[in-house]
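Each chain is listed here by its residues.
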Amino acid sequence: MSTERGRIRVSGFETERIADHDAAEPTGDDAEEAEDDPEVQNRWVRVIHQLKRDRLALTGMAVVVVMLFVAVFSRPIVVGDVTVQPLSLTPYDPAQTGVGDRYDSPSLTHPMGTDRLGRDTFSRVVAGSRYSVTIGFVVTALAASFGVIYGGVSGYFGGTTDGVMMRLVDVIFAFPALVLAMILVSLFGGGFIPLVGAFALVGWASYARIIRGEILKVKQNEYVMAAKALGARDKSVLFRHIIPNAIAPVVVQATLSIGTVVIGVAALGFLGLGFDPGTPEWGTMLDAERDTLITGAGGTWFWWTTVFPGMMIFLFVMSINMVGDAVNDALDVQVDDVRGGGG
């Protein structure tokens, strides 16, 4: 606030901005076209700069990007009769048996050895990234999107609407997530789509609760009341003004949840509830070689059949968690700065 020859000027509430806003969205559909909040944009720019200085985060991001690249190009992608992606990084067909002797140890020909059917473990581990990594990102995207919309509507309208909608969230939280996913997969079968559906159905509730709590605080801010006073519709207020300022904890939760989903899918695969036997998915590969985990088949420990799939799970989850921790630290600092210094 400043004074100049008897005039009072309040920072953040300039009349020129109000006049521009009135001209931009007078009525109807124009009211929905609110300008993006520059403070939100600046916050994310600062977060990106901070992440660039975090070596652990950059290392984790590099590993995740490489695994995403491998997931896309591990095997050709065919949609109907059209080959969308013709490249293949695997030296052998992951399902082909007899490419080597049973339980060949790692060598130049087979860098990760072979399994009980003589299949190339390296080809199966590379192909398995498409199942495990892709499911982690797809489930997180679906669960976060639905959860943000659900929790946003609940927190924004409040009252009876909030009470009824949150009771459904309480029902979801009454069951352990992995157990509920296990029940759903047992009922509807395994495979890519059933697994995505099962984990998305049990994962959206956490995003709904997080965004709802943030919206209950954000919707009390002055700019929200100003937008309503200027005639902006509820949809515009919620998705253009409130959610962008409340989304930071959801981003952190989503980043950390990717690894949790990958572990959950691998756990169901290890229990025989994920993909069909023989599918080159990391958890299913561990299940197929579970008798070699301790004593080995015939008294010999063929360590490579379980170490390499397990190492891929560990490497991906550790990398995505390093990124998530860095995002959490960066957003915590920026959110505190914005709330403390935004006036």
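What you are looking at is a predicted structure, and each value in this text was computed from that prediction instead of being measured.

**Student:** Explanation requested: the packing of aromatic side chains in the structure shown.
**Tutor:** Each aromatic ring pair is summarised here by two numbers: the centre-to-centre distance and the angle between the ring planes. Counting across every chain of the model gives 11 aromatic pairs. Pairing Tyr-156 with Phe-157 gives two aromatic rings, centres 5.0 Å apart and planes at 85 degrees, and the pair type is edge-to-face. Given a relative accessible area of 47%, Phe-157 falls into the partly exposed group. A network of ring pairs unites the aromatic residues Tyr-103, Phe-302, Trp-303, Trp-304 and Phe-308 as a single cluster. It is Arg-290 that lies over the ring of Phe-270; its NZ or CZ is 4.6 Å from the centre.

**Student:** I keep staring at the packing of helix H4 (residues 121-157) against helix H7 (residues 192-218) and nothing clicks. Help me out?
**Tutor:** Between two packed helices, what matters for the description is the angle formed by their axes and the separation of those axes. Between H4 and H7, the shortest axis-to-axis distance is 5 Å and the interhelical angle comes to 40 degrees. What the angle tells us is that H4 and H7 run oblique. Viewed along their axes, H4 and H7 form a crossing whose handedness is right-handed.

**Student:** When you look at the pattern of salt bridges in this model, what are you seeing that I'm missing?
**Tutor:** Two side chains that carry opposite charge are able to pair once their charged atoms sit near each other. Enumeration over the complete set of coordinates arrives at eight salt bridges. Taking the shortest distance from any N to any O, the salt bridge between Arg-116 and Glu-289 comes out at 3.1 Å. Within this pair, whereas Arg-116 is found in the loop between strand S4 (82-85) and H4, its partner Glu-289 is found in the loop between helix H11 (282-288) and helix H12 (304-341), the two being separated by 173 residues in sequence. The closest approach of N and O atoms between Asp-287 and Arg-290, which form a salt bridge, is 2.6 Å. Judged by its relative accessible area of 38%, Arg-290 is partly exposed. Sharing partners across several salt bridges, the network here consists of Asp-115, Arg-119 and Arg-124.

**Student:** Explanation requested: helix H10 (residues 248-270) in the structure shown.
**Tutor:** The α-helix advances 3.6 residues per turn, and as a result positions three or four apart in sequence lie on the same side. If you check H10, its first and last C-alpha atoms are 34 Å apart, about what 23 residues at 1.5 Å a residue would give, namely 33 Å. Along H10, the largest kink reaches about 30 degrees and is centred on Ser-257. Following H10 by one or two positions, Gly-272 has its phi on the positive side, about 80 degrees.

**Student:** Would you explain the nonpolar core in this entry?
**Tutor:** Proteins that are soluble and globular tend to have nonpolar side chains buried together. Membership of the largest hydrophobic core comes to 27 residues, with the highest contact counts inside it found for Tyr-150, Val-169, Trp-204, Ile-211, Ile-215, Val-237 and Ile-242. Counting only elements with at least two residues in this core, the list comes to H4, helix H5 (159-173), H7, helix H8 (222-229), helix H9 (234-246) and H10. The dominant element in this core, judged by the number of residues it contributes, is H7, at seven residues. Ignoring any residue separated from it by four or fewer positions in sequence, one finds Trp-204 in contact with Ala-143, Phe-146, Gly-147, Tyr-150, Leu-168, Val-169 and Ile-172.

**Student:** Would you mind going over the UniProt feature "transmembrane region" (unreviewed entry) in the protein with me for this structure?
**Tutor:** UniProt marks residues 56-78, 131-153, 165-185, 191-210, 250-275 and 301-320 with the feature "transmembrane region" (unreviewed entry), using the numbering shown here. End-to-end, the C-alpha atoms of residues 56-78 are 36 Å apart, and along that stretch the chain is 78% helix and 9% strand.

**Student:** Looking at this structure, I do not really get the side chain of His-110. What am I missing?
**Tutor:** The topology assignment puts His-110 in the loop between S4 and H4. Here His-110 falls in the buried class, since its relative accessible area comes to 4%. Side chain to side chain, His-110 and Asp-120 meet in a polar contact 2.9 Å long.

**Student:** Can you help me understand the pairing of S4 in this one?
**Tutor:** Each regular strand shows side chains that alternate between the opposite faces of the sheet. Here three bridges tie strand S3 (residues 77-79) to S4, and the two strands are oriented antiparallel to one another. Considered in S4, the bridge of Val-79 is made with Val-82. Taking the residues between adjacent antiparallel strands as the criterion, S3 and S4 are bridged by two residues, where Gly-80 takes a positive phi near 70 degrees.

**Student:** Would you mind showing me how to read the packing of helix H6 (residues 177-188) against H7 here?
**Tutor:** Orientation of H6 relative to H7, taken along the N-to-C sense of each, is 145 degrees, at an axis distance of 9 Å. The crossing of H6 and H7 is right-handed. Judged by residue contacts, Ala-177, Leu-178, Leu-180, Ala-181, Leu-184, Val-185 and Phe-188 of H6 engage Pro-194, Leu-195, Ala-198, Phe-199, Leu-201 and Val-202 from H7. Across the contact of H6 with H7, the residue classes tally to 13 nonpolar, no polar and no charged.

**Student:** Which parts of the structure should I look at to understand a nonpolar patch on the surface?
**Tutor:** A grouping of Val-179, Ile-183, Leu-187 and Phe-188 is seen on the molecular surface, where their side chains present a nonpolar patch of about 430 Å² in accessible area. Structurally, Leu-187 can be placed in helix H6.

What counts, and where the lines are drawn
- Residues numbered from 1 in each chain as written.
- Predicted model: local features only at pLDDT ≥ 70, side-chain atom pairs only at ≥ 80, totals over all residues.
- Heavy atoms only, no water.
- Phe/Tyr/Trp six-rings, centres within 6.5 Å; stacked < 30°, edge-to-face > 60°.
- Buried < 20%, exposed > 50% of the residue type's maximum accessible area, 1.4 Å probe, protein only.
- Lys NZ or Arg CZ within 6 Å of the ring centre and 35° of its normal.
- Axes fitted to C-alpha atoms, helices over the stretch in contact; angles between N-to-C directions.
- Helix = DSSP H or I, 4+ residues; strand = E, 2+ residues; numbered from the N terminus.
- Parallel < 35°, antiparallel > 145°, perpendicular 65-115°, else oblique.
- Left-handed = near helix turned anticlockwise from the far one by under 90°.
- Salt bridge = Lys/Arg side-chain N within 4 Å of Asp/Glu carboxyl O.
- Expected span 1.5 Å × (residues − 1).
- Bend = angle between axes of the 7 residues up to and from the residue.
- Core = buried A, V, L, I, M, F, W, Y, C linked by side-chain atoms within 4.5 Å.
- Contact = heavy atoms within 4.5 Å.
- UniProt positions renumbered as here; feature names shortened; annotations may be inferred.
- Polar contact = N/O pair within 3.5 Å; in protein donor to acceptor, adjacent residues only side chain to side chain.
- Pairing = 2+ DSSP bridges.
- Nonpolar A, V, L, I, M, F, W, Y, C, P; charged D, E, K, R; others polar.
- Patch = residues over 30% accessible without salt bridge, like charges linked within 9 Å, V, L, I, M, F, W, Y side chains within 5 Å.
- Areas by Shrake-Rupley, 256 points an atom, 1.4 Å probe, with all protein chains shown as cover.

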